[in-house]
Amino acid sequence: IPDWVVPPVDSPAVAERNLAHQDWWWTESSGWISAMSLIVLGQFLGRVSYFSLGFLLFRLTSDRERLPFPLAPIAAEGATALAESTEKKGTDREHWRWETFSVGATLGFFFGLLYLFLPVVTGLFFAKPITLFPIPFVDLTSNAESVLPASLISISFDALMLLTGMILPFPLVVGIFVAVILTSVIGNPILQSYGWFEHWSPGNGLLVNQMILSFDFWMSVTCGLALTVAVVGLATVFGKKEKPLPLAPSPQCGEGERFSPPLHEVERGPGGEVFKARGDFPIWLCVAAYLFTTTAFCWLVHHLVPGFPLWILIVFGFLWTPLQSYISARLIGITGSGLSVPYLKESAFILSGYRGLDIWFAPMQTGDFGSAAQRFRELELTRTRFTSVLKAEALILPVSLITSFLFWWGFWKMNQIPSDSFPFISRTWPVQARQAYLILTANSGEHSLLLDALKPDLIVGGAIAGFLLYGGAWLVGLPATVFYGLVGGTAMPLHMGLLLMGGALLGRYVFKKKFGEERWTRMVPVVTAGFACGMGLAGMLAVGAAILSYCTKSLPF
């Protein structure tokens, strides 16, 4: 591993777990281009790419395609509730958001005490922590394999995901749940009986099974489905006469208390020029900024790894990253979650013929900026000027880099990672390490397991299945969210589908009847935002208690 990624294994910077050591800041091979400088430079270039390409995707998916972005109201309602809490009493504005937010925060805080705080704090004093709700899920995969071999059976108690199911469009959740049942519960055992999972063996847990099944089958199928989403999205954008699938009604807002109509619908000037009221950035400036950052990334990688083909860097930076980001942005705009083509970069590294470990750590421009489109939609819903957020970002970036470094330094100094002090990573690290090993050594020899995992026939089959699903939904007249739910839920573990479906059923048949559809669709994003805030407070209390405990263990009293 090159020294611009991590100091040598015999360096005091690693042995003493000291991020302040000079080996993290200056390298023998590349001088000032070190691990820490690459973090700073990567963060700066990455944020510029995020804002520039993200804004272009927002203009495309929100302004032109009018996608609903069903999860955007969560952050928007939370911010609005906090803003209302600062207003003086006696104003004409309603304060229902702040009251609802407070109720959600209280519920989230008490749930977080049981879900997060209790196991962390009791683990500081007892040999085995007291856990009422297993984190992150209850793994029943090995228990069910005698009946459902190769299935992904699990149960989770993440209440936040349950609330998310209440917000997402009901047809979308139905599609996700159906896909989970057909693939992870019923489909996997059938595929196993026909020998599709050649590397599967009994006794593995969910995380190991998920990795194996992905390598043997679902990775290729997901690539084909992602291709379908890209083609459908491009046809929707550039096609004029095609009849798109109808979108399900968006549960974002109710009548009378609606963030919308968005500014882009009421303040559009003739010719579609920059919207001054919204603080839009000039299109040409965003294009120029993205071209600049991508060129900088290509130069940096070519400087660090001169033997790697430059044309691959150019294709990924200038062609594939925008396309992948658009695929993800479109899915987020419809379903609330994105979809990317897995292991495409890794496959390109293998097929390039380059033999070296350094390319795996090079800062390539291969990010997925689809989530930025939803971020701009959230800003639009709260009528926050985009230029104001850009100024705030300029202040946040240096502060976050400094404070993050101090946090990493102190946290790593307390104990090695992984260890019993960090139970979550201790559980997931073995799987992550095994997967990382398979990837990082994939181009070191003639035979690559990763390349074997990408099967062209399955990729084509997945794409054909995706087009058939879309065409069938179009003929029947189903909402497009059903199709995207089927795509997004493919090979997803059971606990995720159960929670989303449970939340959707509770919201649709219990709370909507109790509060009324209009009132409930206005309340649930605020409750969810408050609940997440309350859980975050409980989690921070747990982290603070753990840090204080570890810091005082070495004291002489």
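### Some details on the overall build of the protein chain
Step number 1: When its secondary structure is counted, the protein chain shows 20 helices and two strands.
Step number 2: Scored against the burial criterion, the 557 residues of the protein chain give a buried share of 48%.
Step number 3: Sequence separation of 24 or more characterises 79% of the internal contacts of the protein chain that already satisfy a separation of 6 or more.
Step number 4: Of the accessible surface of the protein chain, which amounts to about 27000 Å², a share of 68% is contributed by carbon and sulfur atoms.

### Notes on a nonpolar patch on the surface
Step number 1: A cluster of nonpolar side chains, contributed by Val178, Leu182, Ile186, Ile190, Tyr194 and Trp196, occupies part of the molecular surface with about 610 Å² of accessible area.
Step number 2: Its place among the elements puts Trp196 in the loop between helix 7 (170–193) and helix 8 (206–238).
Step number 3: By relative accessible area, which is 37% here, Trp196 ends up partly exposed.

### Here we look at the packing of helix 2 (residues 35–64) against helix 11 (residues 310–335)
Step number 1: Following both chains from N to C, one finds helix 2 and helix 11 inclined at 50 degrees, their axes separated by 10 Å at the closest point. In terms of their interaxial angle, helix 2 and helix 11 are classed as oblique. Handedness of the crossing formed by helix 2 with helix 11: right-handed. Facing helix 2, whose interface residues are Leu53, Leu57, Leu60 and Thr61, helix 11 presents Thr321, Pro322, Ser325, Tyr326, Ala329 and Arg330.
Step number 2: Across the contact of helix 2 with helix 11, the residue classes tally to six nonpolar, three polar and one charged.

### Concerning helix 13 (residues 371–381)
Step number 1: Buried residues dominate helix 13, accounting for nine of its 11 residues.
Step number 2: Directly beyond the C-terminal end of helix 13, a positive phi value near 55 degrees is found at Arg383.

### Some details on the packing of helix 11 against helix 18 (residues 480–488)
Step number 1: Their axes nearest at 10 Å, the elements helix 11 and helix 18 cross at an angle of 120 degrees. Considering the angle they form, helix 11 stands oblique to helix 18. Here helix 11 runs over helix 18; the crossing is left-handed. Here Arg330, Leu331, Ile334 and Thr335 of helix 11 come into contact with helix 18, specifically with Thr481, Tyr484 and Gly485.
Step number 2: Its residues placed into classes, the contact of helix 11 with helix 18 shows three nonpolar, three polar and one charged.

### A short note on the packing of aromatic side chains
Step number 1: The final tally for this structure, using the stated rule, is 33 aromatic pairs.
Step number 2: Ring plane angle 70 degrees and centroid distance 5.6 Å describe the contact between Phe55 and Phe376, whose orientation is recorded as edge-to-face. With Phe55 in helix 2 and Phe376 in helix 13, this residue pair connects regions lying 321 residues apart in the sequence. The same class applies to Phe55 and to Phe376, which are both buried.
Step number 3: For the pair Phe111 and Phe133, a centre-to-centre distance of 5.7 Å together with 35 degrees between the ring planes defines the contact as tilted. One end of the pair, Phe111, is in helix 4 (residues 96–125); the other, Phe133, is in the loop between helix 4 and strand 1 (138–139), and 22 residues separate them in sequence.
Step number 4: Since its relative accessible area comes to 16%, Phe111 is described here as buried.
Step number 5: Connected via pairs of aromatic rings, a cluster forms that spans Tyr50, Phe51, Phe55, Phe58, Phe281, Phe376 and Phe386.
Step number 6: Across from the ring centre of Tyr50, 4.5 Å away, lies the NZ or CZ of Arg47, which sits over that ring.

### Description of the environment of Met219
Step number 1: With respect to the helices, strands and loops of the structure, Met219 is situated in helix 8.
Step number 2: Between the C-alpha atoms of Met219 and Leu458, which are 239 residues apart in sequence, the distance is 8.9 Å.

### Looking at the nonpolar core
Step number 1: Ranked by internal contacts, the top residues of the largest apolar core, which has 58 residues, are Phe197, Trp218, Phe376 and Tyr484.
Step number 2: Among the elements that line this core, the one with the most residues is helix 8, at 15 residues.
Step number 3: Here Phe376 is in contact with Phe51, Gly54, Phe55, Phe58, Phe281 and Phe386, once residues within four sequence places are set aside.
Step number 4: Judged by nonpolar contacts, the second largest core, of 34 residues, contains Ile74, Ile167, Leu494 and Ala504.

### A few points about the pattern of salt bridges
Step number 1: As enumerated under the stated definition, the model contains 10 salt bridges in all.
Step number 2: With a shortest N-O distance of 2.7 Å, Arg47 and Glu393 are connected by a salt bridge. Residue Arg47 is located in helix 2, and its partner Glu393 is located in helix 14 (residues 386–414); the two are separated by 346 residues in the primary sequence.
Step number 3: With a closest N to O distance of 2.8 Å, Arg330 and Glu65 form a salt bridge. Here Arg330, found in helix 11, pairs with Glu65, found in the loop between helix 2 and helix 3 (72–85); they are 265 residues apart in sequence, far enough to count as distant.
Step number 4: Connected through salt bridges with shared partners, the residues Arg59, Asp63, Arg278, Asp280, Arg377 and Glu380 form a single ionic network.

### Notes on the confidence of the model for the protein chain
Step number 1: Summing up the model confidence of the protein chain, the mean pLDDT is 82 and the portion of residues at 70 or higher is 86%.
Step number 2: Scored below 50 in pLDDT, residues 240–245 makes 10 contacts in the model with residues more than four places away or belonging to other chains.
Step number 3: Here residues 247–274 is modelled with pLDDT under 50, and outside its nearest four sequence neighbours on either side it reaches 71 contacts, counting other chains as well.

### Thoughts on unusual backbone geometry
Step number 1: Residues other than glycine seldom take positive phi values, yet Arg66 does so here, at roughly 60 degrees.
Step number 2: The residue Arg66 is located in the loop between helix 2 and helix 3 in this model.
Step number 3: Even without being a glycine, Arg383 presents a positive backbone phi close to 55 degrees.
Step number 4: In this fold, Arg383 is placed in the loop between helix 13 and helix 14.

### Observations concerning helix 14
Step number 1: The end-to-end C-alpha distance of helix 14, which contains 29 residues, comes to 40 Å, matching closely the 42 Å that a straight helix rising 1.5 Å per residue would cover.
Step number 2: Taking the largest bend as the criterion, helix 14 deviates by roughly 25 degrees, centred on Ile396, and proline Pro398 comes between one and four positions later.
Step number 3: Residues of helix 14 that are buried: Phe386, Val389, Glu393, Leu397, Leu401, Phe405, Trp412 and Met414.

### A look at the environment of Thr100
Step number 1: Inspection of the secondary structure assignment puts Thr100 in helix 4.
Step number 2: Residue Thr100 is classed as buried on the basis of its relative accessible area of 12%.
Step number 3: Taking the C-alpha atoms as reference, Thr100 lies 8.3 Å from Ala81; in sequence the two are 19 residues apart.
Step number 4: Excluding its chain neighbours within four sequence positions, the residues that come into contact with Thr100 are Met523, Val526 and Val527.

### Side note on the side chain of Thr490
Step number 1: For Thr490, the position within the fold is in the loop between helix 18 and helix 19 (494–515).
Step number 2: Judged by its relative accessible area of 17%, Thr490 is buried.
Step number 3: At 3.3 Å, the side chain of Thr490 and the backbone oxygen of Val487 are in polar contact.
Step number 4: Residues contacting Thr490, with those up to four places away along its chain left out, are Ala179, Thr183, Trp218 and Leu225.

What counts and what doesn't
- Residues numbered from 1 in each chain as written.
- Predicted model: local features only at pLDDT ≥ 70, side-chain atom pairs only at ≥ 80, totals over all residues.
- Heavy atoms only, no water.
- Helix = DSSP H or I, 4+ residues; strand = E, 2+ residues; numbered from the N terminus.
- Buried < 20%, exposed > 50% of the residue type's maximum accessible area, 1.4 Å probe, protein only.
- Contact = heavy atoms within 4.5 Å.
- Areas by Shrake-Rupley, 256 points an atom, 1.4 Å probe, with all protein chains shown as cover.
- Patch = residues over 30% accessible without salt bridge, like charges linked within 9 Å, V, L, I, M, F, W, Y side chains within 5 Å.
- Salt bridge = Lys/Arg side-chain N within 4 Å of Asp/Glu carboxyl O.
- Axes fitted to C-alpha atoms, helices over the stretch in contact; angles between N-to-C directions.
- Parallel < 35°, antiparallel > 145°, perpendicular 65-115°, else oblique.
- Left-handed = near helix turned anticlockwise from the far one by under 90°.
- Nonpolar A, V, L, I, M, F, W, Y, C, P; charged D, E, K, R; others polar.
- Phe/Tyr/Trp six-rings, centres within 6.5 Å; stacked < 30°, edge-to-face > 60°.
- Lys NZ or Arg CZ within 6 Å of the ring centre and 35° of its normal.
- Core = buried A, V, L, I, M, F, W, Y, C linked by side-chain atoms within 4.5 Å.
- pLDDT = per-residue confidence, 0-100.
- Expected span 1.5 Å × (residues − 1).
- Bend = angle between axes of the 7 residues up to and from the residue.
- Polar contact = N/O pair within 3.5 Å; in protein donor to acceptor, adjacent residues only side chain to side chain.

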